Amino acid sequence: MKFADLHLHTQFSDGTFTPEELAGHGARLGFAALALTDHDSVEGCARMAAACAAAGVEFIVGAELTAEHENTEVHILGYFLDTKNQTLLTEIARFQAVRQQRINEMVVRLNEVNVPLEVESVFALANCKSPGRPHVARALVKAGLVASLDEAFERFLKKNRPAWVPKAKVSALEGIDLIHQAGGLAVMAHPGLNRTDEIIPALVEAGLDGIECFHTKHSPALSERYLEIAEKFNLLVTGGSDCHGFSKGKPLIGGIKLTYEHVEKMKQAAAAKKSATTDAHR
Ligand code: AMP
Ligand code: ZN
Ligand code: FE
Ligand code: FE
């Protein structure tokens, strides 16, 4: 049997592994295919592709867009993206600028409650274009201002805590369009985490291609529920561990093994889309 993990993060967003380390773990665990899905970034994909090629693992380009639909946050995974697509790169740069600005605002708020964190320390630690709250949490721990990541979130970074800053997000419908125009498939990430099933029909209407039925935080019953929804709306079935390395406890890679038949179906769907677009442009 061949297996895939289609939801993985590296140091290019808030994971702790390098692409090479991640590819190494994937190969050691016997995965046939891996997708990199860093938050609002495709920056790590070139190195991940090379590392996977060296390890004999198939690589699928991906990204996880932070989006919203009617005030609910929804994460949209894009697969088989053209990483040279200019519109995609421009939009991603915009999302990353928003993330960086939010870091500045969070540090200002921390300073206002007399937590002397320096913003440069967060950017130095994040060392990527797509920083987020986990980097602020790590910087707080590193500076000895809190004892743990959990304490950082509980005291400062959680919603309605002193340093919480809302994040401006792309609309889910625009996110789906952006993925499509970059030649990709758009997949709703971990629907069981957000419990936002009521928005699924609108996303399907906008062209959603798939739904992440298998995820570390989905119970067997939840996976079953989303398999039924996938069937009902004729959506592709995907799955992945959402491994962030050591940034949220233990590495999760290996915990979700998506059977490769689903990857085959995704590849067929992506190829059909690409040939349809080519035809339309003739
Ligand atoms: P952001 O997208 O910048 O708002 O950051 C969200 C990230 O912070 C997600 O990956 C969450 O898993 C992570 N996160 C949220 N709460 C906690 C927590 N209590 N401890 C560790 N990570 C958390
Ligand atoms: Zn993350
Ligand atoms: Fe997510
Ligand atoms: Fe994720």
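Below: a short report on this structure. Values in this document were obtained by computation on a predicted structure and should not be read as measured data.

Protein coordination of the zinc ion (ligand 2) is provided by D14 (OD), D14 (OD), H39 (NE2) and H244 (NE2), with donor distances spanning 1.9 to 2.5 Å. Around the zinc ion (ligand 2) sit 4 donor atoms; with metal-centred angles ranging over 53 to 124 degrees, the donor geometry is irregular. Here the donor residues of the zinc ion (ligand 2) are spaced in sequence according to D-x24-H-x204-H. Separation of the zinc ion (ligand 2) from the iron ion (ligand 4) amounts to 4.7 Å. Taken as a pair, H39 in the loop between β2 (33–36) and α2 (45–55) and H244 in the loop between β8 (236–240) and β9 (258–259) lie far apart in primary sequence, 205 residues in all. Residue H39 shares its accessibility class with H244, and that shared class is buried.

A few words now on helix α1 (residues 19–28). In an α-helix, one turn spans 3.6 residues; hence positions three or four apart end up facing the same way. Residues of α1 that are buried: P19, L22, A23 and G26. Down the axis of α1, the buried set is contained in an arc of 95 degrees. They therefore lie on one face. For α1, the secondary structure elements touched by its buried residues are β2 and α2. Phi turns positive one or two residues past the end of α1, at G30, with a value near 85 degrees.

Attention shifts here to the layout of surface pockets. Taken as a whole, the largest pocket encloses approximately 1,100 Å³ of empty space. What lines the largest pocket is a set of 40 residues, and nearest its centre among them are E73, H75, R133, F153 and K248. Elements represented by at least two residues in the lining of the largest pocket include exactly β3 (58–69), β4 (72–79), α3 (86–112), α5 (133–142), α6 (149–157) and α8 (191–194). No other element matches α5, which puts 5 residues into the lining of the largest pocket. Considered class by class, the residues forming the lining of the largest pocket number 9 nonpolar, 15 polar and 16 charged. In this model, the second largest pocket occupies a volume close to 220 Å³.

Around the iron ion (ligand 3), the protein supplies E64 (OE), H75 (ND1) and H190 (NE2) as donor atoms, at distances of 2.0 to 2.2 Å. The sequence motif formed by the donor residues of the iron ion (ligand 3) is E-x10-H-x114-H. Here the iron ion (ligand 3) and the iron ion (ligand 4) are spaced 3.5 Å apart, with E64 acting as a shared donor. Within this pair, whereas E64 is found in strand β3, its partner H75 is found in strand β4, the two being separated by 11 residues in sequence.

Mapping L77 onto the fold places it in strand β4. When its relative accessible area of 0% is taken as the criterion, L77 is described as buried. As for L77 and T66, which are separated by 11 residues in sequence, their C-alpha atoms are 8.9 Å apart. The contacts of L77, once residues within four sequence positions are left out, are H7, T37, A63, E64, I179, L185, A186, V187, A189 and E212.

Definitions and limits used
- Residues numbered from 1 in each chain as written.
- Chains lettered and ligands numbered in written order.
- Predicted model: local features only at pLDDT ≥ 70, side-chain atom pairs only at ≥ 80, totals over all residues.
- Heavy atoms only, no water.
- Donors = N, O, S within 2.8 Å, 3.2 Å for Na, K, Ca; no water.
- Tetrahedral: all angles 85-135°; square planar, octahedral: opposite > 155°, others 65-115°.
- Helix = DSSP H or I, 4+ residues; strand = E, 2+ residues; numbered from the N terminus.
- Buried < 20%, exposed > 50% of the residue type's maximum accessible area, 1.4 Å probe, protein only.
- Arc of directions from axis to C-beta.
- Contact = heavy atoms within 4.5 Å.
- 1 Å grid on protein atoms, 1.4 Å probe; cavity = no way out; pocket = protein on both sides within 12 Å on 5 of 7 lines; lining within 4 Å.
- Points joined across faces, edges and corners; volume = space filled by probe spheres on them.
- Nonpolar A, V, L, I, M, F, W, Y, C, P; charged D, E, K, R; others polar.

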